[in-house]
Amino acid sequence: MITLVTGGSGSGKSEYAEGLILDSSCSRRFYVATMIAYGKEGRDKVERHRMLRKGKGFITIEKPWDVGRVMFEEYEAGSGASSRTDRTLLLECVSNLAANEMFKEEGTEKTEAGEQQGSPIQYLSHKIAGDIISLAGQVRDMVIVTNEVDRDGICYGPETMEYIRLMGCLNQKLAAAADRVVEVVYGIPVFWKPSSSGQAAVGVDLIRRECQGE
């Protein structure tokens, strides 16, 4: 099962997503961390997340880009490889991964994107979503944490607006592939998909939110 967890900054989405993993009966808990720690604030945030995961049995894999290349068997050395049905995965988070892929200095993505049909944003969103979804084949349950980055109504510079557009395209692709889509609002999980199964934590019938087209 693939669960996409979204929400704004400080919404409680990370804690909620981690809780889903801890509730799993799988014995192997993988954590794919995508953040690159820039500066003291970034390092403090990474360290804070490490402390929160301490003692919870996570196998941490730091992968700031190309997450589709992760092979979980490589991180099970010495303890015996487990089967797909005994693994669960938390990937955090999509916004960092998208920024890393979009702005990495190698320039390979821009070259490849130029050789593909469609815009670079369309190509990159397809590539990142494909990388993420491919991991589901190695685990029983996967929880993906993403962010709402377009709600402040501010018009930024062209480069930042391209990033916001990338996140919009990417979140649509991940939501389409996910079995469940949950938005965490002030610590309260609101189920958008499936929206008609009675799972809504707010206790009301939810109206389907329309996706914005590219």
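Our structure is the block above this text.
All figures in this text were calculated on a predicted structure; none of them were measured in a lab. (Residues numbered from 1 in each chain as written. Predicted model: local features only at pLDDT ≥ 70, side-chain atom pairs only at ≥ 80, totals over all residues. Heavy atoms only, no water.)

Caption draft 1: Expanded view of a nonpolar patch on the surface. A surface patch of nonpolar side chains, about 250 Å² in accessible area, is lined by Ile154, Tyr156 and Met161. Mapped onto the elements, Met161 comes out in helix 6 (residues 158-177). (Patch = residues over 30% accessible without salt bridge, like charges linked within 9 Å, V, L, I, M, F, W, Y side chains within 5 Å. Areas by Shrake-Rupley, 256 points an atom, 1.4 Å probe, with all protein chains shown as cover. Salt bridge = Lys/Arg side-chain N within 4 Å of Asp/Glu carboxyl O. Helix = DSSP H or I, 4+ residues; strand = E, 2+ residues; numbered from the N terminus.)

Caption draft 2: Looking closely at the nonpolar core. Within the largest apolar cluster, 34 residues are counted, with the highest numbers of intra-cluster contacts made by Phe72, Ile132, Met142 and Ile144. Those elements that place two or more of their residues in this core are strand 1 (2-6), strand 2 (28-33), strand 4 (87-92), helix 3 (94-103), helix 5 (120-134), strand 5 (141-145) and helix 6. Of all hydrophobic cores here, the second largest spans 12 residues; its members include Tyr31, Phe58, Leu90 and Val184. (Core = buried A, V, L, I, M, F, W, Y, C linked by side-chain atoms within 4.5 Å. Buried < 20%, exposed > 50% of the residue type's maximum accessible area, 1.4 Å probe, protein only.)

Caption draft 3: Representation of the packing of helix 3 against helix 6 in the model. Remark: helix 3 packs on helix 6, axes separated minimally by 10 Å, with the N-to-C direction vectors making an angle of 125°. Relative to helix 6, the element helix 3 is oriented oblique. The handedness of the crossing between helix 3 and helix 6 comes out as right-handed. Taken together, the residues of helix 6 that come into contact with helix 3 (itself represented by Val94, Ser95, Ala98, Ala99, Met102 and Phe103) are Glu159, Glu162, Tyr163, Leu166, Met167, Leu170, Asn171 and Leu174. Grouping the amino acids of the contact of helix 3 with helix 6 by side-chain chemistry returns 10 nonpolar, 2 polar and 2 charged. (Axes fitted to C-alpha atoms, helices over the stretch in contact; angles between N-to-C directions. Parallel < 35°, antiparallel > 145°, perpendicular 65-115°, else oblique. Left-handed = near helix turned anticlockwise from the far one by under 90°. Contact = heavy atoms within 4.5 Å. Nonpolar A, V, L, I, M, F, W, Y, C, P; charged D, E, K, R; others polar.)

Caption draft 4: Just the packing of aromatic side chains, in detail. If you walk through the whole model with that rule in mind, you get 3 aromatic pairs. Ring geometry for Phe30 against Phe72: centres 4.6 Å apart, planes inclined by 45°, an arrangement best described as tilted. Here the residue Phe30 occupies a position in strand 2, and Phe72 occupies one in the loop between strand 3 (58-62) and strand 4, the gap between them amounting to 42 residues. Accessibility classification places Phe30 together with Phe72 in one group, the buried group. Ring centres of Tyr31 and Phe58 lie 6.0 Å apart, and the angle between their planes is 80°; on these two criteria the pair is classed as edge-to-face. (Phe/Tyr/Trp six-rings, centres within 6.5 Å; stacked < 30°, edge-to-face > 60°.)

Caption draft 5: Quick peek at the sheet that holds strand 6 (residues 180-185). Taken together, the 7 strands give an open sheet; going across it, the order is 3-2-4-5-1-6-7, and neighbouring strands pair in mixed fashion. Here the strands that pair on one side only, and so sit at the sheet edges, are strand 3 and strand 7 (188-193). On average, adjacent strands in this sheet sit at an angle of 20° to one another, irrespective of strand direction. Alignment of strand 6 against strand 7, held across 5 bridges, turns out to be antiparallel. Residue pairing across strands places Glu183 opposite Val190, the latter belonging to strand 7. Against the sheet, helix 6 contacts strand 1, strand 5, strand 6 and strand 7, and its axis sits at roughly 140° relative to strand 1. (Pairing = 2+ DSSP bridges.)

The values reported here are purely geometric and, on their own, carry no functional implication.
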